[in-house]
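Close look at the chain arrangement
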Amino acid sequence: MSKAMNADEIEDVLKAHPEWHLKGGKLVREWTFNDFLEAMTFVNRVAVLAEAANHHPDIDIRYNHVVLGLVSHDAAGITQRDASMASQLSNEFPPA
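One structure accompanies this document, and this report is about it.

Quick notes on the rules
Residues numbered from 1 in each chain as written. Predicted model: local features only at pLDDT ≥ 70, side-chain atom pairs only at ≥ 80, totals over all residues. Heavy atoms only, no water. Helix = DSSP H or I, 4+ residues; strand = E, 2+ residues; numbered from the N terminus. Buried < 20%, exposed > 50% of the residue type's maximum accessible area, 1.4 Å probe, protein only. Contact = heavy atoms within 4.5 Å. Pairing = 2+ DSSP bridges.

**Description of the environment of Glu 30**
Structurally, Glu 30 can be placed in strand β2 (residues 26–32). On the accessibility criterion, Glu 30 (39% relative accessible area) is partly exposed. A C-alpha to C-alpha distance of 23 Å links Glu 30 and Asp 8, two positions 22 residues apart in sequence. Apart from the residues lying within four places of it in its own chain, the contact partners of Glu 30 are His 21, His 65, Val 66 and Val 67.

Structure (structure tokens):
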């Protein structure tokens, strides 16, 4: 089981990846696309990365708007595994 990060460690992650923010105890990032099909294509690309990392984000899809949330439920908080997934997603899908 992974160990939950402390507030300073989480703040470092947020500084390194300012497109992510803390909400409800999760690392959260939002994307907006032109339409539902683009949003679903994005979600399917995320699914491939997440499955390869064996770490699966919470995904909320509302037409063309997608919100990803990263938290390690088994550690009851944000872990290095979440930070690594956020970094990977930021590299794969950089801010516009």
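Structure shown, so let's carry the discussion forward.
**What to know about the pairing of β2**
For strand β1 (residues 21–23) and β2, the ladder comprises three bridges, and the chain directions are antiparallel. The partner of Lys 23 across the bridge, within β2, is Lys 26. The antiparallel pairing of β1 with β2 creates a hairpin that spans two residues between the two strands, and Gly 24 there sits at a positive phi of about 60°. Relative to strand β4 (residues 65–70), β2 is paired through six bridges, and the arrangement is antiparallel. Across the sheet, the residue bridging to Thr 32 is His 65, located in β4.

Remember that the coordinates give geometry; whether it matters functionally is a separate question.
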